[in-house]
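What follows is each chain in one-letter form.
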Amino acid sequence: MPDTAAFAGTNIVIALNAVLAAIDADEPKVLCVRRPGGLLSLPYGPFDPVQHRTLEIGLRDWVTRQTHVPLGYVEQLYTFGDKGRETPAAAFADAPSDLRLVSVGYLALASEPAVIEEREAQWRSFYDFFPWEDWRSGEPIVLRERIIHDLDAWIETASSKRDRLERERRRDLAFGLSQTGWEEERALERYELMYEAALVEEAWRDRKGAPNIEASGKRRQAQSVGAPMASDHRRILATAISRLRGKLKYRPIIFELMPDKFTLLGLQRAVEAIVGFDLHKQNFRRSVEAGGLVVKTRETAQQASGRPAALFRAGEVALPDGGPRGLTIPRLRRSPGARSPGAGFSAD
């Protein structure tokens, strides 16, 4: 039996957070709620062991209450329990000062963004919060002109050569400067490194003490690098993006984000929206058709120009019980001299 005396006087609250994702006009969207003070957050609320038989039931209850959007596909993401993550308070205005907030995060997927009826709820693009993750129009400007430069400056502040080399190693691995290149699944690592280097607003907000003039200028710069979120909700969202990107390769989870029937171009655009870079069209189509992930129907969809496009549906191997079958992600290599997620930041 655990020593219950060890927990005496400890205020522990279990909160339930939802990352509800959908594709809207080729943009990956997440459902957000605007809180008092203006900050956006993920839908969340406390787990009530009296009212909620399971954690998932509690999650669905809170999301419906706050957004009027019912959840479909849901999977548990991660448990966030670091001390201090509730500063500023992630949940409740009347929370005790010694509150320890443990959040159970969930990833939920929808085939389309539901109509929002709640005034404080809204759909926002992943890349409003993580603009450096979107390579679909080439290298993100904020990455080239701000983030790498500021990380270099942070590395130079290391207290020892060993610490500097470790910071360089982490920067190179996270941001694709090593031989492995840009790896889309490292979205969480990139955000956490930027938090440690104080390149995002949350890092400054969570610090104690009044900043000096130099720090105030750096904080203003951090405020322009993606939209901040309440508490550590941007970290939770980064965790969900990393999970979703990685899972595409070994589970046909992309079809949870698609309508029942779709064009191959629509499927490709959905995958590109999630991973954040362009795919090789022919190789992508060849892989999904040859792998049995899609089945051609007899129906077509009229395009804005040209001939009607064939409509497809998910194949049996892409169904939930179809086994561990994911997508091949064939990157589109840009012209020589152009940077891409696989090319790092070497000089042109």
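Residues numbered from 1 in each chain as written. Predicted model: local features only at pLDDT ≥ 70, side-chain atom pairs only at ≥ 80, totals over all residues. Heavy atoms only, no water.

Colleague: So what exactly am I meant to see when it comes to the environment of Asp-26 here?
Modeller: Among the structural elements, Asp-26 can be located in the loop between β1 (11-24) and β2 (27-34). The exposure class of Asp-26 is partly exposed, given its relative accessible area of 38%. Spatially, the C-alpha atoms of Asp-26 and Arg-269 are 5.9 Å apart, while their sequence positions differ by 243 residues. (Helix = DSSP H or I, 4+ residues; strand = E, 2+ residues; numbered from the N terminus. Buried < 20%, exposed > 50% of the residue type's maximum accessible area, 1.4 Å probe, protein only.)

Colleague: When you look at the packing of helix α5 (residues 187-196) against helix α8 (residues 233-247) in this model, what are you seeing that I'm missing?
Modeller: Taken N-terminus to C-terminus, the directions of α5 and α8 make an angle of 155°; their axes are 7 Å apart at the nearest point. Taken as axis vectors, α5 and α8 run roughly antiparallel relative to one another. Contacts between α5 and α8 involve Ala-187, Leu-188, Arg-190, Tyr-191 and Glu-192 from the first element and Arg-234, Arg-235, Ala-238, Thr-239, Ile-241, Ser-242 and Arg-245 from the second. Class assignment of the residues belonging to the contact of α5 with α8 gives a composition of five nonpolar, two polar and five charged. (Axes fitted to C-alpha atoms, helices over the stretch in contact; angles between N-to-C directions. Parallel < 35°, antiparallel > 145°, perpendicular 65-115°, else oblique. Contact = heavy atoms within 4.5 Å. Nonpolar A, V, L, I, M, F, W, Y, C, P; charged D, E, K, R; others polar.)

Colleague: Can you help me understand the confidence of the model for the chain in this one?
Modeller: Note that predicted coordinates carrying low pLDDT should not be read in detail. Scored by pLDDT, the chain has a mean of 85; 84% of the residues are at 70 or more. When mean pLDDT is taken per element in the chain, helix α2 (residues 126-129) scores highest with 98 and helix α7 (residues 213-223) scores lowest with 76. Every residue in residues 1-8 is under pLDDT 50, and counting partners more than four places away or in other chains gives zero contacts. Predicted confidence is poor over residues 344-348, with pLDDT under 50, and the contacts of this stretch with residues over four places away or in other chains come to 13 contacts. (pLDDT = per-residue confidence, 0-100.)

Colleague: How should I be thinking about the side chain of Thr-297 in this particular structure?
Modeller: Among the structural elements, Thr-297 can be located in strand β8 (residues 294-301). For Thr-297, a relative accessible area of 16% gives the class buried. A polar atom in the side chain of Thr-297 sits 3.2 Å from the backbone nitrogen of Glu-299. From its side chain, Thr-297 meets the backbone oxygen of Leu-311 in a polar contact 2.8 Å long. Not counting chain neighbours up to four residues away, the residues in contact with Thr-297 comprise Leu-311, Phe-312 and Arg-313. (Polar contact = N/O pair within 3.5 Å; in protein donor to acceptor, adjacent residues only side chain to side chain.)

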